[in-house]
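Here's the letter readout for the chains.
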Amino acid sequence: MSTSDSAGPAPIPSDRPWLDPALAAEKRAELLLQAMTLDEKIAQLGSRWAGNDMADHELPAEETINVAPMEDVFAAGGSLSLEEASRHGLGHLTRVWGSVPQSVEHGVAELIRQHKVVLEGSRLGVPALVHEECLTGFTTYGATVYPASIAWGATFDPELVERMAAAIGRDMAAVGVHQGLSPVLDVVRDYRWGRVEETIGEDPYLVAILGSAYVRGLQSAGVLATLKHFAGYSASRAGRNHGPVSMGRRELLDFILPTFETAIATADAASVMSSYSDIDGLPASADPWLFAEVLRDEWGFGGTVVSDYWAVPFLSSMHRVAADNADAGVVALTAGTDVELPDTIGFAGLADKVKAGEVSEDLVDRAARRLLLQKVKLGLLDPDWTPESSVREGGADLDSAENREIARQLAERSVVLLDAGTALPLNRNLRKIAVVGPSAGDPRTLMGCYAFPNHVLPRYPDRGLGVGVISPLDALRNEIDGAELVHAKGCEVTGEDRSGFEAAVAAARDAELCIAYVGDLSGLFGHGTSGEGCDAEDLRLPGVQAELLSAVLDTGTPVVVVVVSGRPYALGDIADRVAGLVQAFIPGQEGAAAIAGVLSGRIVPSGKLPVQIPRHVGGQPGTYLQPALGSVESAGISGLEARPLFPFGYGSSYTGFDVGDLRLSASEIGNDDEFTATVRVRNTGERAGDEVVQLYLHDVVARIARPLKLLTGFARVTLEPGAAADVTFRVHTDRTAYTGPDLRRIVEPGDVEVMIGTSSQDLPCRAFVRVTGDVRVVGHDRRLTTPVQVTPVADQRVGGG
């Protein structure tokens, strides 16, 4: 670092030419790689989680079973001090910020301390890259908790998701974080899976567009985004975490991989995280087809592949495809893993394996080169970089007013009105309202599994939530003037205790209206009803909440049900009995006011379902992406009901919208051509509001059984009362491509049905376009998105000329 402006930059040491910023980044990475010993190169492929207290923290006896499967990896990774782990250097520092509750000042000091340990203890002094979780915001104490990913999906608003991610990235960059382990691009295949809340939804295009927006936002702040989990994790048998995936390559290519492909092609995502699961018996972390042929060769991905936490040793301990941890390291490196997280366990034995001739040093070089290139591009190898300079002077406000405003907008746009019934929006003349249900008084139910208050703070019950969050009950009190609110919880989120039923029923019977808040409490590995390792046996509301609803409905008092959850629950038993029904997918720290605003009518609801609401508790798998034999068209073939209670893309409003006047630019096009589809959407109600116009395509006759409809484009449109706009989708034939019988992706001639409307079932605008010509094989260079333009239409107000 220069001592003064007049002195100019410090000279570059002749023995460290990689510090020269004038050289190309690739050249600098190569020069550093050439200077490294085998041990130093391998050290770059590893990491250390110096702050991990998940195993050491004292847990109640009944909870220790939940960490038992991790004990071996905790022991293997946690036995070394940071000094020992980094004696040859280190690739990543793991979760310096996200492991324990600490102030910004303390976190900065700890970050600088860990950096100095790595720099001063190794020969070359190469800085470590710092990564953190950031799925519902920066996962650290006191940082804004945004809505969970499933709520982003409900907004159908990529621009707002990008703004959120940029704000998250700015906060992380300000305190020295280089890489965020988000977004999750898994596509929901089974609602019982605990991590549904971490996904953006059940449709590949929705996930791809919003996930890519997140990547652009995060990386605009200089923080590397990490796409996870590559691939197939969300399709495990019975929705069981880490469970085997029974899926052929065609399904993988058409419904699972395009989300990742789009984020790489359109947003230049910098990193990819491996999945825990095996697909047809082959663990993802051991699959060179995924990481070499598809990710690298076909898609041209040039970033890093990081392992999910302990995915490398799991190849031995869980999958049993490796003899021990060292063997697992060879398998993972060979398949394409570049960096092992969160601790160096499997890769710790690579030096001996290279010396024994069991793995080529070229593979070590390949992985190290990729990580070093990222470090160069991040500025970590610039001559003036220091641990102190990596953080913003004066720290950062991690829960700023700007952050909370973005969180508020996301929450408001994510709340889905399923049915206004007879009670919504609330009557201003109500004088007594009963508020029941376990979600009403607990602000933790508004936040996801990877939000710091639910992820870490349960181990520190004296530290509160770290951020200001009001409960749905308090938000309702703030929202409604003049009415007495009587609160009776009724039951907990989980458990069999019904002792509170009597008070809840009495409160409901004595009120003019009852509002019941039910749903989930997110947690980890069974310490919640939603989140990682919190899988569900079926889709009934957790615990005895369904019984509570039945009891208050039996009083005859009108009941509005608000479901605050991370997954959809089956509501068929109550749908015809309620006076109003609202779905709020984990809406974050500003979510309580958003829900209250929708109930009162202050907010015109505009959220759309990113997953369907099932009718029956056993309705599996339930997603709308079904061929004829998996859809309502199969009625009579099976005694099981295929219809959802509410379909994908559905959401009601307090105003009305009409979508019509479909205009196609052509009814016939060539196999490498495009057409436009335009509809007019009009606000027919008395209030301003948003509608999400959705385009679906259906290949009428295909070589394989295809879904009857597939979301291919969407646009969120804001309209004043009486106003209208034209929504134009530009659809290239590439958007009709699918994986054929020989596993090549093709565009084929024939009729394509074009359907446009406001949900996957409400599609009033329909027409056909014929594709002519021969079958055309397409690759990664195909069009992956559908451009859309919204054009206001003049003089469309009610009463206008």
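The rules we used
Residues numbered from 1 in each chain as written. Predicted model: local features only at pLDDT ≥ 70, side-chain atom pairs only at ≥ 80, totals over all residues. Heavy atoms only, no water. Core = buried A, V, L, I, M, F, W, Y, C linked by side-chain atoms within 4.5 Å. Buried < 20%, exposed > 50% of the residue type's maximum accessible area, 1.4 Å probe, protein only. Contact = heavy atoms within 4.5 Å. Helix = DSSP H or I, 4+ residues; strand = E, 2+ residues; numbered from the N terminus. Patch = residues over 30% accessible without salt bridge, like charges linked within 9 Å, V, L, I, M, F, W, Y side chains within 5 Å. Areas by Shrake-Rupley, 256 points an atom, 1.4 Å probe, with all protein chains shown as cover. Salt bridge = Lys/Arg side-chain N within 4 Å of Asp/Glu carboxyl O. pLDDT = per-residue confidence, 0-100. Phe/Tyr/Trp six-rings, centres within 6.5 Å; stacked < 30°, edge-to-face > 60°. Lys, Arg positive; Asp, Glu negative; His and termini not counted. Polar contact = N/O pair within 3.5 Å; in protein donor to acceptor, adjacent residues only side chain to side chain. Pairing = 2+ DSSP bridges. Axes fitted to C-alpha atoms, helices over the stretch in contact; angles between N-to-C directions. Disulfide = S-S within 2.5 Å. Parallel < 35°, antiparallel > 145°, perpendicular 65-115°, else oblique. Left-handed = near helix turned anticlockwise from the far one by under 90°. Nonpolar A, V, L, I, M, F, W, Y, C, P; charged D, E, K, R; others polar.

Caption draft 1: A look at the nonpolar core. Counting residues in hydrophobic clusters, the biggest one holds 85 residues, and the most contacted among them are Phe230 and Leu257. Those residues in contact with Leu257 that sit more than four places away from it in its chain are Phe230, Ala231, Leu252, Trp289, Leu290, Val294 and Trp299. Ile150, Ile345, Val563 and Leu571 belong to the second-largest nonpolar core, a separate cluster that totals 67 residues.

Caption draft 2: Broad picture of the environment of Pro21. Mapped onto the elements, Pro21 comes out in the segment before helix H1 (25–35). When its relative accessible area of 47% is taken as the criterion, Pro21 is described as partly exposed.

Caption draft 3: Highlighting a nonpolar patch on the surface. The grouping of Val700, Val701 and Phe768 at the surface amounts to a nonpolar patch, some 280 Å² of accessible area in total. Overall, Phe768 belongs to the partly exposed group, its relative accessible area being 46%.

Caption draft 4: Region of the structure containing unusual backbone geometry. Along the chain, Lys228 connects to His229 via a cis peptide bond; the corresponding omega equals 10 degrees. Tracing the backbone shows His229 in strand E5 (residues 224–230). With an omega dihedral of -5 degrees, the bond running from Leu424 to Pro425 counts as a cis peptide bond. Along the chain, Pro425 turns up in the loop between strand E10 (416–419) and strand E11 (432–436). One non-glycine residue, Arg95, lies in positive phi territory at about 45 degrees. Residue placement: Arg95 occurs in the loop between strand E2 (92–94) and helix H5 (104–121). Judged by relative accessible area, Arg95 falls into the buried class, the value being 4%. The phi dihedral of Phe525 is positive, around 45 degrees, even though this residue is not glycine.

Caption draft 5: Examining the pattern of salt bridges more closely. Taken as a whole and assessed by the stated rule, the structure comprises 47 salt bridges. With a shortest N-O distance of 2.7 Å, Asp365 and Lys41 are connected by a salt bridge. Residue Asp365 is located in helix H14 (residues 361–377), and its partner Lys41 is located in helix H2 (residues 38–43); the two are separated by 324 residues in the primary sequence. For the pair shown, Asp365 and Lys41 are each scored as buried. Across the pair Arg498 and Glu496 runs a salt bridge whose closest N-O atoms are separated by 3.2 Å. Owing to a relative accessible area of 55%, Glu496 belongs among the exposed residues under this scheme. When salt bridges with common partners are traced through the structure, they connect Asp661, Arg663, Arg680 and Asp726 into a single cluster.

Caption draft 6: Structural view of the confidence of the model for the chain. Chain-level statistics for the chain give a pLDDT mean of 93 and a share of 94% at 70 or above. Ignoring residues within four places in sequence, the model shows residues 1–6, a span with pLDDT below 50, making seven contacts including any to other chains. Note on residues 58–65: pLDDT is under 50 here. Beyond four places in sequence and across chains, it has four contacts.

Caption draft 7: Inspection of the packing of aromatic side chains at higher detail. Enumeration over the complete set of coordinates arrives at 18 aromatic pairs. Relative to Phe314, the ring of Tyr276 lies with its centre 5.6 Å away and its plane at 40 degrees, an arrangement referred to as tilted. You can see Tyr276 sitting in the loop between strand E6 (271–274) and strand E7 (278–279) and its partner Phe314 sitting in helix H11 (residues 311–317), a full 38 residues away along the chain. Residue classification places Tyr276 among the buried residues on the basis of a relative accessible area of 6%. When the ring of Tyr624 is compared with that of Phe648, the centres are 4.6 Å apart and the planes differ by 10 degrees; the resulting orientation is stacked. Here the residue Tyr624 occupies a position in the loop between helix H20 (591–600) and strand E16 (657–664), and Phe648 occupies one in the loop between H20 and E16, the gap between them amounting to 24 residues.

Caption draft 8: Quick look at the side chain of Glu197. Looking at the element boundaries, Glu197 is found in the loop between strand E4 (179–180) and helix H8 (204–220). No salt bridge is formed by the buried Glu197; the nearest opposite charge belongs to Arg567, separated by 7.7 Å. At 2.6 Å, the side chain of Glu197 forms a polar contact with the side chain of Ser530. If near-sequence neighbours (up to four positions away) are discounted, Glu197 is found in contact with Ala148, Ser149, Ile150, Gly448, Cys449, Tyr450, Ser522, Ser530, Gly531, Gly566 and Ile586.

Caption draft 9: The arrangement of the sheet that holds strand E14 (residues 559–565) in detail. Across the sheet, which stays open at both edges, the six strands sit in the order E10-E15-E14-E13-E11-E12 with mixed pairing between neighbours. Looking at which strands have only one partner, the edges of the open sheet turn out to be E10 and strand E12 (484–488). On average, each strand axis in the sheet is inclined to that of its neighbour by 20 degrees, with strand direction left out of account. The pairing of strand E13 (residues 513–519) with E14 spans six bridges and is parallel.

Caption draft 10: View of the state of the cysteines. Here the structure, examined in full by the defined rule, presents zero disulfides. No disulfide involves Cys534; its nearest neighbouring cysteine sulfur is the one of Cys449, lying 6.4 Å away. Residue class for Cys534 comes out buried when judged on its relative accessible area of 3%.

Caption draft 11: Looking closely at the packing of helix H17 (residues 472–479) against H20. Here H17 crosses H20 at 45 degrees, and the two axes come no closer than 8 Å. Judged by the inter-axis angle, H17 sits oblique to H20. Note that H17 runs across H20; the crossing there is right-handed. Of the residues in H20, those in contact with Pro472, Ala475, Leu476 and Glu479 of H17 are Ala592, Ala593, Ala596, Gly597, Leu599 and Ser600. A breakdown of the residues in the contact of H17 with H20 according to their chemical character gives seven nonpolar, two polar and one charged.

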